[in-house]
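# Observations on the three-dimensional arrangement
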Amino acid sequence: MKLTINWFWALALSTTILGCSQADTKEQIQSGQETTTEDKANTKKEETKVILFFGNSLTAGYGLEPTQAFPALIQERLDSLGYNYKVVNAGVSGETSAGGKSRVDWLLKKPVDVFVLELGANDGLRGIDPESTYKNLKTIMDKVRSKNPDVQILLAGMQMPPSMGQKYATQFSEVFTKLAKEENVVLIPFLLEGVAGDPELNQKDGIHPTVEGQKILADNVWQVMEPLVKAEAAL
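One structure accompanies this document, and this report is about it. (Residues numbered from 1 in each chain as written. Predicted model: local features only at pLDDT ≥ 70, side-chain atom pairs only at ≥ 80, totals over all residues. Heavy atoms only, no water.)

As a further point, take helix 5 (residues 70–80). Restricting attention to buried positions, one finds in helix 5 the residues F70, P71, L73, I74, Q75 and L78. Tucked into the core, helix 5 has its buried residues touching strand 1 (49–55), helix 4 (57–60), strand 2 (85–91) and helix 10 (211–234). Positioned one or two residues after helix 5, G82 has a phi angle of 80 degrees, which is positive. (Buried < 20%, exposed > 50% of the residue type's maximum accessible area, 1.4 Å probe, protein only. Helix = DSSP H or I, 4+ residues; strand = E, 2+ residues; numbered from the N terminus. Contact = heavy atoms within 4.5 Å.)

What follows is the structure, given as structure tokens:
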């Protein structure tokens, strides 16, 4: 549109103006191109980034309103601090790592900037071989990275109660520390830290956090996520 206006005025003005050199016109075009490039860069910088929470009933906020689940509480913090992020809650109650491996593909049709992987708890409660959980979680990470090479992955660590047997509980916990180290992802040491085993912070089933419990989960996640968000905002 800018070039069209320039030619309109060029035809309407005097012979002297019509005598402007091609070099001047070229400079105008280049200037316009530079402005467009700069505008695109600014627009890209201001684009809303996506944080995808991929998990089970803990992420979904089982027994509570969606706005009370910890992903929604993370969104509130991001908004209050002026960070341009959109949180997507992709938690499904009862999800295992195998189920997540099959489900994740359709969620990756759109770009993801931060991927929070919260799966494995149901594997542990069912006594599934930790090696199987390890392989499934690794496959999920590989799929996410293949679609989003620059994605930041946060892995929510999980632990099993002693009733599952000390050997099994140890092997299960090591799945998360091992993956974090080998895959170079950020580990949330134990998502349920400060909540697990506390009757006042869990619903009647003794497994799913109450409203207050979900707030603590949000704190546990935010301690790890905040440095990443700050670093991205500084770029």
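Alright, that's what it looks like, and here's the rest.
Pairing within the open sheet is parallel, and its five strands lie in the order 2-1-3-4-5. A single partner strand is all that each edge strand has here, and the edge strands are strand 2 and strand 5 (186–188). Averaged over all adjacent pairs, the angle separating strand axes in this sheet is 20 degrees, with direction ignored. Where strand 1 and strand 2 come together, seven bridges link them in parallel fashion. Bridge pairing in strand 2 places L52 opposite V88. (Pairing = 2+ DSSP bridges. Axes fitted to C-alpha atoms, helices over the stretch in contact; angles between N-to-C directions.)

Formed by 57 residues in total, the largest nonpolar core has its most connected members in F115, M158 and M225. Looking at this core element by element, the count peaks at eight residues for helix 10. If we skip the residues at most four places from it in the chain, F115 touches L52, F54, V104, I140, V144, V151, Q152, I153 and L154. (Core = buried A, V, L, I, M, F, W, Y, C linked by side-chain atoms within 4.5 Å.)

This next bit is on the side chain of E95. Tracing the backbone through its elements, the reader meets E95 in the loop between strand 2 and helix 6 (97–107). Residues within four places of E95 in sequence aside, it is in contact with G55, N56, G100, R103, L119 and N122.

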